[in-house]
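Take a look at the letters that make up each chain.
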Amino acid sequence: MRRRAVGQVLLLAAGFLVLVAISALSVIFVNKAREDSGLVVHTVEVENQINALLLEIRRAESAARGYLLTLGPEFLSDHTAAVATVMPAVEKLAQATADNPAQVENARKLRIAIERRLDQFAREMDFVRQNQPAGAVALVREAAAENSSGAIREVALALRAEEERLFAARNIAADRSQRIASAVTIAGSGLVIALAGISIFLVRRSARARDRAEAQLRDNNLNLEATVDERTADLREANNEIQRFAYIVSHDLRSPLVNIMGFTSELEELRADIFRRIAALGRAVGSAPVPVLAGDAEPDLEGADKQLSLDFAEALGFIKSSIAKMDRLISAILNLTREGRREFEPVRIDTRELIEAIVTTVAHQAAEAEAQIRIEPLPEIVSDRLALEQIFSNLIDNALKYLKPGVPGDISVRGRTKIGFAIFEVADNGRGIDPKDHQRIFDLFRRAGTQDKPGQGIGLAHVRALVRRLGGTMSVQSELNNGSTFTITLPIQWTASNRNRDT
Amino acid sequence: MSKPVTIIMIEDDEGHARLIERNIRRSGVNNEIMPFTNGTDAVNYLFGSDGSALDHKGHALLILLDLNLPDMTGIDILRRVKENKYLKCAPVVVLTTTDDSQEIKRCYELGCNVYITKPVNYDSFANAIRQLGLFFSVIQVPSAAT
C-alpha cells in the first residue's frame, strides 16, 4: 500500500519535471529560432543596404556625367544629394557587418574604393566649376580606365555573396531550431501523456485494491459479529449451566445435611441415655443410695466418666455448629442463584428517595453506632428497583457495621452523572480495608480485616453481581484506618437487554 | 386416625425416611407406614399393574411425598395421583428440601394439600414432623372413591 503511494508520488513528480523541462526547452528553442530569424532579417537588410549604396553611387555618377554634358544646375544638386547619402550609408553598412571579420574586411575595401571614387567626383566637380571641362572629361576617362566603379561593384558583390552565404546558413539554422523545438514539444507531450496514462492505470488499480479491501473488511465485520454473537451465546449458556449447577449442587447438599444433623441429634439423645445408665451402674457398684434422676437432667458422674461425657458433648457440639455453618453457606448460594435467575425490570427510580428509605430502616443501628448518614443530591436513573435497594442497603449496612470503635460514624452517599452513566459513592470514616484485600472482599465467602462482626462474606459478592447485571461496574478506594469509599457506576438508562434476557 | 389409614411415604433418602418415621411415631401415630425409596416402586404400588389404582378402591391413604427422586420428580407422581379418580381424594403432603416459591406454587396448583420444607436444623425438623404427626392424628381421611 505504502510502496504504491510512494510510486504514485514519484510518477507525479516525474510528470511535473518533464513538463518543466519541456517548457524550459521550448522557451530556449523559441528564443533561438527568434534570434535566427533576426539574423536572417539582418542579412536581408544588409543586402538591401548594399544595393541601395550601389544605386546611390550610380546616381551620383550619372548626375555627374549629366552635369558635365549640360552644366544644368539640377544635375549638380542631384549629384551633391547622392554623394551626401553615400558616406552615411557606408558607415551604416560597416556597423551592420561589424560582427563578421570577412565582411569587415570587405567593408573596409568598399570604403576605400568609394572614397577614391568620391574623390574623383570632387575633382571632376572642381574642374567643371573652374570651367575646365576638358580636365573633367579626362578625369572621367581616367576613372573609366581605372574602372573604379567596377572595383566598387566587385567589392559590393563580394559583400553580397558573403551575406547570401550567411543568409542560407542562417535560414538552415533557423529551420533546425524550429524543428528541434517542435520535436522537443512533441516528445515531451508524448512523455506527459504516457505518464498520465500510467498514473491513471495505477490509480484505477489502487482503487480496485481499495474496493477489494473494503469488501474484505465488510466480510470480516460480519464474521466478527457472528463470532461475537456465537461467543455471547456460549457464555450465556455457560452462565446458565453454572447457575443450574450451583442450584442443584447446593440443593442436593442439603439432603445429606438433614441426615447428618438429624442423626447427630439422635446421637445426643443416645448420649444422655448412655451416661445416665453409666451413672446408675456406677452408683449400684459403689452401693450408694440410688438417687431418682429427674428427666433429662445431666447425670451425676465422676472422674473419667465425667471427662468422657464432656468429650462426647464437645464432639457433638463441633459437628452441630459445623453443620449449621454449612447450612448457612448453602442457603447463601441458593439465594444468590435464585437472585441470578430473577427477571430485572427497568423503572424510573428517584435514587434519593430510595436511599432515604434504606436509611430509615437502619436508623436504629445508626443511632447505636452514633453515626450520621448524609445524602447528597443524587441523579435519577432507570434501573431495577429491588436490585438497587439491595446494592445500597448492603453498602450502607457494611459502612455502619465496620465503623471505628469509639469514633462517631460519618457516612455520606454522593452521586453525579457522566456521559450516560450515573456514578454513586458510598463513603465512610470507618476502619478501612487494606489495599491487598480490595479484590478479595468481592469474592464469595471471603472477608477481610478483624473478624469481630457476624457475616458470611456474601454481601459484596452479591452487590457486585447485581451491579454487573445492571450493566455497571464497582470499585473501592480505601486504606486501613482511613475509611472506605465504594464507587458504583450504573447506566442512567438501563434497558433489560441482552445481559438480563436469559440469565 | 379413626380409620386404618395407610401412610405411603415416598422418600429416596433412607436416613430422612427413618427420621420422619421416628418422629411421626413419637407424636403417637401408630398407623402403618409403607416406605418407598424410588418413584417407580411407589407408582407401581399406587396405580397397580394396569395403572388404574383399582386395588386401592375403598382404602384410606395418606401420601408423604418427596419431590427429588432419583428416577422421576415427585411432581409427576402428584399430578398422576390428583388425576386418578380413586386416589385424588387422598391427602398429599409434600415434604421436601426445596423452598423455591415457584415450586411450592406449582405443587398447590396441582392439588397438593400441604407443603412442608425440611429444615436442616434438627430441632425444627423433628418439631415439624411431630406436628405433622399430630395433624395426621386429627384429620379425616376419606376412603378412595368406590
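As the structure is a prediction and not an experimental result, all values here were calculated from the model. (Residues numbered from 1 in each chain as written. Chains lettered and ligands numbered in written order. Predicted model: local features only at pLDDT ≥ 70, side-chain atom pairs only at ≥ 80, totals over all residues. Heavy atoms only, no water.)

Undergrad: Looking at this structure, I do not really get the nonpolar core. What am I missing?
TA: One recurring pattern in soluble globular proteins: nonpolar side chains tend to sit buried together. Of all hydrophobic cores here, the largest spans 41 residues; its most connected members are Ile355, Leu388, Ile391, Leu400 and Phe486 of chain A. Only helix 7 (351–361), strand 2 (372–375), helix 9 (385–401), strand 4 (410–418), strand 5 (421–427), helix 10 (459–469), strand 6 (473–478) and strand 7 (484–491) of chain A provide two or more residues apiece to this core. Residue contacts for Ile391 of chain A: discarding those within four places in its chain leaves Val463, Leu466, Val467, Leu470 and Ile488 of chain A. Counting residues in each nonpolar core, the second largest holds 32 residues, with Leu257 and Ile330 of chain A together with Leu132 and Val141 of chain B among its members. (Core = buried A, V, L, I, M, F, W, Y, C linked by side-chain atoms within 4.5 Å. Buried < 20%, exposed > 50% of the residue type's maximum accessible area, 1.4 Å probe, protein only. Helix = DSSP H or I, 4+ residues; strand = E, 2+ residues; numbered from the N terminus. Contact = heavy atoms within 4.5 Å.)

Undergrad: I keep staring at the pattern of salt bridges and nothing clicks. Help me out?
TA: Pairing is possible between side chains of opposite charge, provided their charged atoms come close. Residues and elements named next belong to chain A. All told, the structure shown has 27 salt bridges over all chains when counted by the stated rule. For Asp119, the salt bridge is made with Arg123, and the minimal N-O distance between the two is 3.9 Å. Linking Asp119 with Arg123, this pair stays in helix 3 (residues 101–129), spanning four residues, or about one helical turn. Given a relative accessible area of 42%, Asp119 falls into the partly exposed group. Linking Lys436 and Asp437 is a salt bridge whose minimum nitrogen-to-oxygen distance equals 3.8 Å. Residue class for Lys436 comes out exposed when judged on its relative accessible area of 64%. Residue class for Asp437 comes out buried when judged on its relative accessible area of 10%. Overlapping salt bridges, with partners in common, bring together Glu56, Arg59 and Asp78 in one network. (Salt bridge = Lys/Arg side-chain N within 4 Å of Asp/Glu carboxyl O.)

Undergrad: Please explain the confidence of the model for chain B as it appears in this structure.
TA: Detailed reading of the predicted coordinates is not advisable wherever pLDDT is low. Residues with a pLDDT of 70 or more make up 96% of chain B, whose mean pLDDT is 85. With a pTM of 0.50, the predicted complex shows an ipTM of 0.72. (pLDDT = per-residue confidence, 0-100.)

Undergrad: What is the right way to look at a positive patch on the surface in this model?
TA: All names here are of chain A. Together, Arg204, Arg205, Arg208 and Arg212 line one region of the surface with positive charge. With respect to the helices, strands and loops of the structure, Arg208 is situated in helix 5 (residues 148–285). Classification of Arg208 as partly exposed rests on a relative accessible area of 43%. (Patch = residues over 30% accessible without salt bridge, like charges linked within 9 Å, V, L, I, M, F, W, Y side chains within 5 Å. Areas by Shrake-Rupley, 256 points an atom, 1.4 Å probe, with all protein chains shown as cover. Lys, Arg positive; Asp, Glu negative; His and termini not counted. Charge placed at Lys NZ, Arg CZ, Asp CG, Glu CD.)

Undergrad: So what exactly am I meant to see when it comes to unusual backbone geometry here?
TA: Most of the time, phi is negative for any residue but glycine, and the peptide bond is trans. In the Ramachandran plot, Ile419 of chain A falls in the positive-phi region, its phi being about 30° despite a non-glycine side chain. Mapped onto the fold, Ile419 of chain A is located in the loop between strand 4 and strand 5. For Ala53 of chain B, which is not a glycine, the phi torsion comes out positive at approximately 65°. Residue position: Ala53 of chain B is located in the loop between helix 2 (39–47) and strand 3 (61–65).

Undergrad: Any chance you could explain the sheet that holds strand 7 of chain A here in plain terms?
TA: Strand pairing in a sheet is mediated by backbone hydrogen bonds. Such pairs are either parallel or antiparallel. Residues and elements named next belong to chain A. Strand order in the open sheet formed by five strands is 2-4-5-7-6, and the pairing between neighbours is mixed. Only two strands of the sheet have a single neighbouring strand rather than two, namely strand 2 and strand 6. In this sheet, adjacent strand axes meet at a mean angle of 15° when their direction is disregarded. Across the sheet, helix 7 touches strand 2, strand 4 and strand 5, and the angle it forms with strand 2 is around 170°. Against the sheet, helix 9 engages strand 2, strand 4, strand 5, strand 6 and strand 7, with an angle of about 175° to strand 7. (Pairing = 2+ DSSP bridges. Axes fitted to C-alpha atoms, helices over the stretch in contact; angles between N-to-C directions.)

Undergrad: Help me understand the interface of chain A and chain B, please; the structure alone is not making it clear to me.
TA: The figure often quoted for interface size is the accessible area lost as the parts come together. On the side of chain B, 17 residues touch chain A, which itself brings 17 residues to the contact. Summing the contributions of chain A and of chain B, the shared interface buries around 1,600 Å²; its carbon and sulfur component is 53%. The largest contributions to the chain A side of the interface with chain B come from His251, Val258 and Glu266 of chain A, which together make up 33% of the buried area. Where chain A meets chain B, there are two salt bridges. As a salt-bridge pair, Glu266 of chain A and Arg26 of chain B come within 3.0 Å of each other at their nearest N and O atoms. At the surface where chain A touches chain B, the tally comes to five residue pairs in polar contact (both at pLDDT 80 or more). Among the secondary structure elements, those contributing two or more residues to the side of chain A that touches chain B are helix 5 and helix 6 (303–341) of chain A. Broken down by element, the side of chain A that touches chain B gets its largest block of residues, 13 residues, from helix 5 of chain A. The residue makeup of the side of chain A that touches chain B, split by class, is six nonpolar, five polar and six charged. (Buried area = accessible area lost by both parts, 1.4 Å probe. Polar contact = N/O pair within 3.5 Å; in protein donor to acceptor, adjacent residues only side chain to side chain. Nonpolar A, V, L, I, M, F, W, Y, C, P; charged D, E, K, R; others polar.)

Undergrad: I would appreciate a short explanation of the packing of aromatic side chains in the present structure.
TA: Aromatic ring pairs are described here by two measures, namely the spacing of the ring centres and the angle between the planes. Scanning all chains against the criterion turns up seven aromatic pairs over all chains. Between Phe135 of chain B and Phe136 of chain B, the ring centres sit 6.5 Å apart and the planes meet at 40°, which makes this aromatic pair tilted. Of the residues examined, Phe135 of chain B reaches a relative accessible area of 35% and is grouped as partly exposed. Residue placement shows Arg469 of chain A over the ring face of Phe344 of chain A; its charged tip is 3.9 Å from the ring centre. The lysine or arginine in question, Arg80 of chain B, covers the ring of Phe47 of chain B, its NZ or CZ lying 4.4 Å from the ring centre. (Phe/Tyr/Trp six-rings, centres within 6.5 Å; stacked < 30°, edge-to-face > 60°. Lys NZ or Arg CZ within 6 Å of the ring centre and 35° of its normal.)

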